[in-house]
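# Results of the structural survey
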Amino acid sequence: MLFFTVSCENNEILPEEEDNFIGNISSLQDGLITLKSGAIVEKKGDIFYFQSDMILSKEQLEALDEYGDFIIEEPSQVENETEIHPVYNIPVEAGEDGMAVPRAFGLYPTPYNMWAMVRFVYAPDLTFDRRNTIQQALQHWEANTNVRFYNATGQPTVDPTYGFAYPYIEFVNSTGNSSSVGRIGGRQVINIAQFQPSSVAIHEIGHAIGLRHEQSRYDRDNSININLSNVPVDNRHNFNKYTTNYFAVGAIDYNSVMMYGSFDFAINRSIPVMTRRSDGSTWTGGNILTNNDRSWANNIYIPYIARSDTYRELAPIVYKPDNTIMTEPERLAFQAQLNNGNPNPPNCCRLSNTF
């Protein structure tokens, strides 16, 4: 589905440089960099990428340098996000008029601190073709999962009273495709190249909601043979496994929208890099969300409707973790659970929200 080419040198961080690594990032030359943990990142200007298309925040880069993963603390269980306001993705209090009053907060960003509703804006110069690709991807996510998006284009990106930044994604024009992983706080971008199929935007949005690459699953060696000899040295880091701090659903999913195709990164394009261990066959990578992709999101996300007050109203269709749909009594009971026993939203306060 996605194919990246990387042309750069591999820069080893020397022992005497380790302590000053983060502080001196601007002085490092562009290219592949081996961190002191052994993890490999790619520097392009002031931006660091992990496995080609995952943009690292400063905190994630520091964690990756120190611990070998940008998630350094795994919770005892993965839960829905019910403690922050869907539209703002920050804690709120109810004002005298019942409207939401944002409050500042600090939270270490990990994919386990998910969005409530993904707040986003379109860059002012976003081209028509990219916007169309993004709209198709947003609609695909909403039609098949509980993930919901709020279009905040033209609205303030910082709280007008307290001055702190709202977490949000900006879709921007780029020559490549990339995204941060999870909600990292403040502005984060999803880069989309020109004339891309919707599957590319679906994949990058998958990163933004917390998904990582399927071929790097902890258990992938049980199902996949990888021929690294057919991969350029500078691209082999794209096949490193995640062995800690992960949340996985189901078995390896060859059709996942987060899975690379068998021939991606190949030196010799007639020889596959990845094959099924069972029969040696190949695959092309996913173009739409699979049942496992959907289940992963439906385990975590709740389909909120955008409101200006603090009531947590659910969309008419709410998926269970197994991708079946809640009955209306189940949906109302869940809505009541989210609102101190009240299943009935006030007859006001819905926000316009079109893509």
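This text gives an overview of the structure that appears in the document. Predicted model, so just to flag it, every value in this text is computed and none were measured.

## Concerning the packing of aromatic side chains
Tallied over the entire structure, the rule returns 10 aromatic pairs. Between F120 and F171, the ring centres sit 5.6 Å apart and the planes meet at 75°, which makes this aromatic pair edge-to-face. With F120 in strand β8 (residues 118-122) and F171 in strand β10 (residues 168-173), this pair connects stretches of sequence that are 51 residues apart. Both residues of the pair, F120 and F171, count as buried. Each residue in the set F120, Y122, F149, F171 and F355 is aromatic and connected to the rest through ring pairs, giving one cluster. The ring of Y49 has K44 sitting right over it, with the charged end atom 5.3 Å from the ring centre. The lysine or arginine in question, R294, covers the ring of Y319, its NZ or CZ lying 5.0 Å from the ring centre.

## What to know about the pattern of salt bridges
On inspection of all chains with the given rule, the structure shows 15 salt bridges. Salt-bridge contacts for K58 lead to E62; the nearest nitrogen and oxygen are separated by 2.5 Å. Here K58 and its partner E62 are both found in helix α1 (residues 58-67), four residues apart, which amounts to about one turn of the helix. By relative accessible area, K58 is classed as partly exposed at 47%. For E62, a relative accessible area of 28% gives the class partly exposed. If you follow the salt bridges from partner to partner, you end up with R307, D309, E313 and R350 in one network.

## Some remarks on the nonpolar core
The biggest cluster of nonpolar side chains holds 31 residues, and the ones touching the most others in it are L138, W141, F149, F171, I205 and I209. Those elements that place two or more of their residues in this core are β8, α2 (128-144), β10, β12 (187-192), α3 (198-208) and α4 (291-300). Ranked by size, the runner-up nonpolar core spans 20 residues in total, among them I90, Y150, A152 and L314.

Calculation notes
Residues numbered from 1 in each chain as written. Predicted model: local features only at pLDDT ≥ 70, side-chain atom pairs only at ≥ 80, totals over all residues. Heavy atoms only, no water. Phe/Tyr/Trp six-rings, centres within 6.5 Å; stacked < 30°, edge-to-face > 60°. Helix = DSSP H or I, 4+ residues; strand = E, 2+ residues; numbered from the N terminus. Buried < 20%, exposed > 50% of the residue type's maximum accessible area, 1.4 Å probe, protein only. Lys NZ or Arg CZ within 6 Å of the ring centre and 35° of its normal. Salt bridge = Lys/Arg side-chain N within 4 Å of Asp/Glu carboxyl O. Core = buried A, V, L, I, M, F, W, Y, C linked by side-chain atoms within 4.5 Å.

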